[in-house]
Amino acid sequence: MQTTFIVIGVLVVAVFVFRTVAMAKIKSTPMVADHAKVLTLTEQNFHQQTKNKVVLVDFWASWCAPCRMMAPVLNDVAIELKGNSHVGKVDIQQFQSLANQFKVRSIPTLILLRNGIEINRFVGIKSKDFLLKEMAKVG
């Protein structure tokens, strides 16, 4: 019985240490500049930039470590897209009304739009391949 408690205690400490190290790494993730092909979406240009296009919109914030982790992935997706498919980003701190309009409750939230209408939604970190496959289904 005592051995069981010791093993459980060691596991709890190991999980705590692992989590602490992982969180420190995530928080130190640097900001990556958006690629030229990534659309910067605002309240003023949102309708025009999403009209007659397939757009994967990233709702993000600068303080969000997972959002910073997604930036290079979204840059890669934007580079590979052809035709009328695009990647756009909405800073929820600056354009909270857009986040409210799309009922964004956690970030990063990626919403796939066709002609400004939501087709699909993904929450959290996603891979480039996953996002390209999902966009290919729509566009």
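A quick note: this is a predicted structure, and the numbers were derived from the prediction, not measured.

### Here we look at the environment of Gly116
Inference 1: Along the chain, Gly116 turns up in the loop between strand E4 (109-114) and strand E5 (117-123).
Inference 2: Accessibility expressed as a relative area gives 28% for Gly116, which makes it partly exposed.
Inference 3: Once the C-alpha coordinates of Gly116 and Ala61 are considered, the two residues, 55 residues apart in sequence, prove to be 21 Å apart.

### Some words on the state of the cysteines
Inference 1: Overall, the coordinates contain 1 disulfide when judged by the stated rule.
Inference 2: Across the disulfide from Cys64 sits Cys67; the S-S distance is 2.5 Å. With the S-S dihedral at roughly 75 degrees, the linkage between Cys64 and Cys67 falls on the right-handed side.
Inference 3: Here Cys64 falls in the buried class, since its relative accessible area comes to 4%.
Inference 4: You can call Cys67 buried: its relative accessible area is 2%.

### Description of the pattern of salt bridges
Inference 1: Counting across every chain of the model gives 4 salt bridges.
Inference 2: In this structure, Lys128 and Glu80 form a salt bridge, with 2.6 Å as the shortest nitrogen-oxygen distance. Here the residue Lys128 occupies a position in helix H5 (residues 128-138), and Glu80 occupies one in helix H3 (residues 65-80), the gap between them amounting to 48 residues.
Inference 3: Since its relative accessible area comes to 40%, Glu80 is described here as partly exposed.

### A few points about the pairing of E4
Inference 1: With 5 of 6 residues buried, E4 lies mostly within the body of the structure.
Inference 2: Strand direction decides the pairing type here: strand E2 (residues 54-60) and E4, joined by 6 bridges, are antiparallel. Across the sheet, the residue bridging to Val55 is Leu113, located in E4.
Inference 3: The sheet contact formed by E4 and E5 spans 6 bridges and is antiparallel. Opposite Arg114, over in E5, you have Ile117 as the bridge partner.

### Things to note about H3
Inference 1: Here H3 spans 24 Å end to end across 16 residues, near enough to the 22 Å set by a 1.5 Å rise per residue.
Inference 2: In the structure, H3 departs most strongly from a straight axis at Ala71, where the bend amounts to approximately 30 degrees and where the proline Pro72 lies between one and four residues downstream.
Inference 3: Restricting attention to buried positions, one finds in H3 the residues Ala65, Cys67, Arg68, Met70, Ala71, Val73, Leu74, Asn75, Val77 and Ala78.

### A word on the nonpolar core
Inference 1: Counting 20 residues, the largest nonpolar core has Phe46, Val57, Phe59, Val90, Phe102, Val104 and Ile107 as its most contacted members.
Inference 2: Among the elements of the structure, E2, helix H4 (96-101) and E4 are those that each provide at least two residues to this core.
Inference 3: For Phe102, the residues in contact, after removing those within four places along its chain, are Phe46, Phe59, Ile111, Leu113, Glu118 and Arg121.
Inference 4: The next biggest cluster of nonpolar side chains, apart from the first, holds 17 residues, and it includes Val38, Met70, Val87 and Val138.

### With respect to the sheet that holds E5
Inference 1: The sheet built from 5 strands is open, its strands ordered E1-E3-E2-E4-E5 with mixed pairing. The strands lining the two open edges of the sheet, one partner per strand, are strand E1 (38-40) and E5. Geometrically, the sheet is characterised by an average inter-axis angle of 25 degrees between neighbouring strands, direction not taken into account.
Inference 2: Packing of H3 onto the sheet brings it into contact with E1, E2, strand E3 (85-91) and E4, and relative to E3 it is tilted by some 155 degrees.

The rules behind each value
- Residues numbered from 1 in each chain as written.
- Predicted model: local features only at pLDDT ≥ 70, side-chain atom pairs only at ≥ 80, totals over all residues.
- Heavy atoms only, no water.
- Helix = DSSP H or I, 4+ residues; strand = E, 2+ residues; numbered from the N terminus.
- Buried < 20%, exposed > 50% of the residue type's maximum accessible area, 1.4 Å probe, protein only.
- Disulfide = S-S within 2.5 Å.
- Salt bridge = Lys/Arg side-chain N within 4 Å of Asp/Glu carboxyl O.
- Pairing = 2+ DSSP bridges.
- Expected span 1.5 Å × (residues − 1).
- Bend = angle between axes of the 7 residues up to and from the residue.
- Core = buried A, V, L, I, M, F, W, Y, C linked by side-chain atoms within 4.5 Å.
- Contact = heavy atoms within 4.5 Å.
- Axes fitted to C-alpha atoms, helices over the stretch in contact; angles between N-to-C directions.

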